[in-house]
Amino acid sequence: MEDTLSKLLAAEDQAQKIIDAALKERDSIVNQAMEEARRAEQQFADRVPEIHQSYIDKAQERARHTIAEMERRFSERQDELQRMAQENHDAALDAALTIMLGDKPD
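Every residue gets a number counted from 1 within its own chain, in the order that chain's sequence is written. Whole-chain, interface and lining totals are the exception, using all residues; otherwise, since this is a predicted model, local features are given only for residues with pLDDT of at least 70 and side-chain atom pairs are given and counted only at 80 or more. Only hydrogens and water are set aside; all other atoms, that is, all heavy atoms of the structure, feed into the side-chain values.

Chemist: Describe the overall build of the protein chain, listing the residues and the values that go with them.
Modeler: Broken down by element type, the protein chain carries 1 helix and 0 strands. Only C-alpha atoms enter the radius of gyration; for comparison, a globular chain is expected to reach 2.2 Å times N to the power 0.38, where N is the number of residues. At 44 Å, the protein chain has a C-alpha radius of gyration far larger than the 13 Å of a compact globule built from 106 residues. Dimensions of the protein chain, computed from the C-alpha atoms along their principal axes, are close to 145 × 25 × 10 Å. For the protein chain, the residues scored as buried account for 0% of the 106 residues in total. His residues and chain termini do not enter the charge count, which takes Lys and Arg as positive and Asp and Glu as negative. Just so you know, the charge point we use is NZ for Lys, CZ for Arg, CG for Asp and CD for Glu. Of the charged side chains in the protein chain, 15 are positive and 24 negative, and the gap between their average positions amounts to 2 Å. A run of H or I in DSSP becomes a helix once it reaches four residues, and a run of E becomes a strand once it reaches two; helices and strands are each numbered from the N terminus. Relative accessibility thresholds used throughout: buried, under 20% of the residue-type maximum; exposed, over 50%; partly exposed, between the two (1.4 Å probe, protein chains only).

Chemist: Break down a nonpolar patch on the surface for me, with residues and values.
Modeler: The patch calculation keeps residues exceeding 30% relative accessible area without a salt bridge and links them within 9 Å when they carry like charges or within 5 Å when they are nonpolar (Val, Leu, Ile, Met, Phe, Trp, Tyr). Calculation of accessible area relied on Shrake-Rupley with a 1.4 Å probe; when residues are assessed, cover is drawn exclusively from the protein chains displayed. What counts as a salt bridge is simple: a side-chain nitrogen of Lys or Arg found within 4 Å of a carboxyl oxygen of Asp or Glu. Taken together, the side chains of L5, L8 and L9 define a hydrophobic patch exposed on the protein surface, amounting to about 310 Å² of accessible area. Mapped onto the elements of the fold, L8 is located in helix α1 (residues 2–100). Overall, L8 belongs to the exposed group, its relative accessible area being 53%.

Chemist: Please provide a residue-by-residue account of α1, values included.
Modeler: One turn of an α-helix holds 3.6 residues; hence residues three or four places apart share an orientation. Between its first and last C-alpha, α1 extends 142 Å over 99 residues, near the 147 Å set by a 1.5 Å rise per residue. R47 marks where α1 bends most, by close to 40 degrees; the proline P49 follows one to four residues later. G102 sits one or two residues past α1 and shows a positive phi near 85 degrees. A helix is expected to span 1.5 Å for every residue after the first. Values of bend correspond, residue by residue, to the angle between axes fitted over the seven residues ending at that residue and the seven starting there.

Chemist: Quick rundown of the pattern of salt bridges? Include the residues and the values.
Modeler: For the coordinates displayed, the defined rule picks out 12 salt bridges. Between R73 and E69 there is a salt bridge whose closest N-O contact spans 3.2 Å. Here the residue R73 and the residue E69 both occupy positions in helix α1, the gap between them amounting to 4 residues, near one helical turn. The exposed category is assigned to R73, whose relative accessible area is 53%. What makes E69 partly exposed here is its relative accessible area of 24%. The residue E87 makes a salt bridge to R83 at a minimum N-O spacing of 2.8 Å. Taken as a pair, E87 and R83 lie in helix α1 at a separation of 4 residues, close to a single helical turn. Accessibility expressed as a relative area gives 45% for E87, which makes it partly exposed. In this structure, a network of salt bridges that share partners links the residues E69, R72, R73 and E76.

Spelled out as structure tokens, the structure:
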């Protein structure tokens, strides 16, 4: 009986050692995972200014493109208006000369 009791105590002691080792390994894995999460979070935090600047750069590029397109359209419209003004100016001069010379306008 004493031999059986010794074996049971030895088995219990061995089981406790296995449990302790498993708990220690679990704590180590949890700590490692938390450290990896902290590193990933820090890497992200370190990249926030870079990401922010990237969005600003893209927005500025889109703004420059939009401004260039608006300036191109404005220039085309201005040229068209100047051409129309010149045509109307020439027609007005022709009409004025016709009236001044006593001819009937067309």
